[in-house]
Amino acid sequence: MSTPVTPGLVVVDKAGGITSHGVVARVRRLAGTRKVGHAGTLDPMATGVLVLGVDRATRLLGHLMLTEKAYDATIRLGISTNTDDAEGEVTARGGAGHIDEATVRAALAGFVGDIEQVPTAVSAIKVDGKRAYAMVRAGEEVELKARPVTIHELVVHDVRPGELEPETTIDVDISVRCSSGTYIRAIARDLGAALGVGGHLTALRRTAVGPYTLEHARTLEQLDAAFAVLPIAAAARAAFPAYDLDAEQAQEVRYGRRLPLALTELTAVFAPDGEFLALYEPRDDAARPVAVFTG
């Protein structure tokens with residue numbers, strides 16, 4: 001008799017060179033179920049936190065994708081690529097050796113706050129039914145509209161001569177805390193454009209997705225040796241405000257009914273025994289369920 005699948009989250013420290021889909025495939029084998037998904041992809045070049053849901057916890061993923069994220073990144077000024085990162089083809093060389101550190105820091109300060117950002121062309125955004133990245137790889141021109149995003153914090157750690165071409169490039173190490181939907185590659189591209197020299201991303205490491213950080217993450221090798229799932233109740237309490245119901249309220253949730261709760265944001269509700277029941281959102285008349293996890 002097979003062991004029942006434990007619904008919950010697996011926080012992976014993704015290595016470079018593997019796709020997010022590849023990580024999902026590995027975790028499917030380890031968990032013994034095909035019902036595994038992720039809360040926001042990472043490019044093959046990128047490393048760091050990739051949150052996966054197992055079994056009914058996959059229903060949490062769409063809500064986790066909307067949470068704040070954090071990254072460490074290195075931008076190279078002086079060279080543009082068609083993918084806005086080091087995996088693309090060089091499209092222009094601007095020569096950034098004349099730019100000083102103060103100029104770089106001042107330009108990056110302008111990215112903090114609520115901004116309009118044009119997503120990188122090599123993204124999963126659909127244009128006329130086709131993925132933008134597929135269009136770029138097919139040699140097609142892609143024009144994406146600017147979208148509102150929020151850069152909560154952008155810290156500049158180092159500004160130095162570029163590692164490969166120190167006379168003509170500058171490498172900039174940054175940490176970014178931002179809203180969902182922000183493209184760090186687009187920050188590199190836009191910084192280079194603002195300074196008139198071009199820019200692209202040479203390294204990207206996601207350090208947090210909502211409350212889940214590198215401290216919670218395990219490499220695929222570590223998971224191969226000792227596979228573990230964060231149970232869905234603990235995962236929900238970590239990611240959302242929690243509300244503990246009485247027995248009568250819990251039964252109403254199992255029926256999928258609204259509740260007269262004074263909520264101010266998306267909230268995880270729990271039965272008296274600690275079972276995670278649902279996510280409820282506030283409404284003027286009564287809080288309503290947006291995802292039910294019982295059964």
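Counting starts from 1 at the beginning of each chain's written sequence and moves along it residue by residue. Predicted model: local features are reported for residues with pLDDT of at least 70 only, side-chain atom pairs are reported and counted for 80 or more only, and whole-chain, interface and lining totals are derived from all residues. Side-chain metrics in this entry use all non-hydrogen atoms of the structure; hydrogen atoms and water are not considered.

1. Focus on the overall build of the protein chain
Strands are runs of DSSP state E lasting at least two residues, helices are runs of H or I lasting at least four, and both sets are numbered from the N terminus onward. The helix and strand inventory of the protein chain stands at eight helices and 18 strands. Dimensions along the principal axes, computed over C-alpha positions, put the protein chain at roughly 70 × 50 × 40 Å. Out of the 295 residues belonging to the protein chain, those deemed buried represent 48%. When contacts within the protein chain are restricted to residue pairs at least 6 apart in sequence, long-range pairs at least 24 apart make up 67% of them. In this description, accessible areas are obtained by the Shrake-Rupley approach with a 1.4 Å probe, and a residue is regarded as covered only by the protein chains that are shown. As displayed, the protein chain offers around 14300 Å² of accessible surface, 50% of which is attributable to carbon and sulfur atoms. Counted charges follow a simple rule, with Lys and Arg positive, Asp and Glu negative, and His plus the chain ends left uncounted. By convention, the charge on Lys lies at NZ, on Arg at CZ, on Asp at CG and on Glu at CD. Separation of charge centres in the protein chain, based on 31 positive and 38 negative side chains, amounts to 8 Å. Only protein chains enter the accessibility calculation, which uses a 1.4 Å probe; a residue whose area is less than 20% of its type maximum is buried, one above 50% is exposed, and one in between is partly exposed. Contacts were defined at the residue level, with two residues in contact if any of their heavy atoms lie within 4.5 Å.

2. Topic: the pairing of strand 3 (residues 47-54)
The side chains of a regular strand alternate, first on one face of the sheet and then on the other. Taken across its eight residues, strand 3 has eight buried, putting it largely inside the fold. Two strands are said to pair when DSSP picks up at least two bridges between them. Sheet topology places strand 2 (residues 36-38) next to strand 3; three bridges connect them, and they run antiparallel. Within strand 3, the residue paired with glycine 37 across the bridge is glycine 53. Bridge count for strand 3 against strand 12 (residues 199-209) is two bridges, and the pairing is parallel. In the strand pairing of strand 12, threonine 47 is matched with arginine 205.

3. Considering the pattern of salt bridges
Criterion for a salt bridge: a side-chain nitrogen of Lys or Arg within 4 Å of a carboxyl oxygen of Asp or Glu. A full pass over the atoms with the stated rule returns 19 salt bridges. When the shortest N-O distance is used, the salt bridge between arginine 76 and aspartate 171 registers 2.7 Å. With arginine 76 in strand 4 (residues 69-77) and aspartate 171 in strand 11 (residues 170-178), the pair connects residues that are 95 residues apart, well separated along the chain. Residue classification places aspartate 171 among the buried residues on the basis of a relative accessible area of 1%. The shortest N-O distance in the salt bridge between aspartate 158 and arginine 160 comes to 3.4 Å. A residue is classified by how much of its surface remains accessible, and aspartate 158, at 30% relative accessible area, is partly exposed. Classification of arginine 160 by relative accessible area gives partly exposed; the value is 27%. Each of the salt bridges in this network shares a partner with another, and the network as a whole consists of Asp43, Asp85 and Arg185.

4. With respect to the nonpolar core
Ranked by internal contacts, the top residues of the largest apolar core, which has 44 residues, are Leu77, Leu108 and Val172. Here leucine 77 is in contact with Ala96, Val104, Thr168, Thr169, Ile170, Val172, Leu191, Gly192, Leu195, Val197, Gly198 and Gly199, once residues within four sequence places are set aside. What we call a nonpolar core is a set of buried Ala, Val, Leu, Ile, Met, Phe, Trp, Tyr and Cys residues that are connected through their side-chain atoms within 4.5 Å.

5. So, the packing of helix 3 (residues 101-109) against helix 5 (residues 184-195)
Every axis in this analysis is a line fitted to C-alpha atoms, fitted for helices over the stretch in contact. Angles between the N-to-C directions lie between 0 and 180 degrees. Direction vectors running N to C along helix 3 and helix 5 enclose 120°, while the axes themselves pass 10 Å from each other. As the angle between them shows, helix 3 and helix 5 are arranged oblique. Taken as a pair, helix 3 and helix 5 cross one another with a handedness that is right-handed. Residue-level contacts link Thr103, Val104, Ala107 and Leu108 of helix 3 to Ile187, Leu191 and Leu195 of helix 5. Orientation categories follow fixed angle ranges, with anything under 35 degrees roughly parallel, anything over 145 roughly antiparallel, 65 to 115 roughly perpendicular, and all other angles oblique. By the definition used in this description, the sense in which the near helix is turned from the far one sets the handedness, with an anticlockwise turn below a right angle giving left-handed and a clockwise turn giving right-handed.

6. Side note on the packing of aromatic side chains
Under the pairing criterion, centres of Phe, Tyr and Trp rings, with the six-membered ring standing for Trp, must be within 6.5 Å; the plane angle then separates stacked pairs below 30 degrees from edge-to-face pairs above 60, leaving the rest tilted. Scanning all chains against the criterion turns up two aromatic pairs. Summarising the aromatic geometry, the rings of phenylalanine 270 and phenylalanine 276 are spaced 5.4 Å apart at their centres and angled 45° between planes, so their arrangement reads as tilted. An aromatic cluster of at least three residues, connected via ring pairs, comprises Phe270, Phe276 and Phe293. Whether a charge sits over a ring comes down to the Lys NZ or Arg CZ being within 6 Å of the ring centre and within 35 degrees of the ring normal. The lysine or arginine in question, arginine 237, covers the ring of phenylalanine 270, its NZ or CZ lying 3.8 Å from the ring centre.

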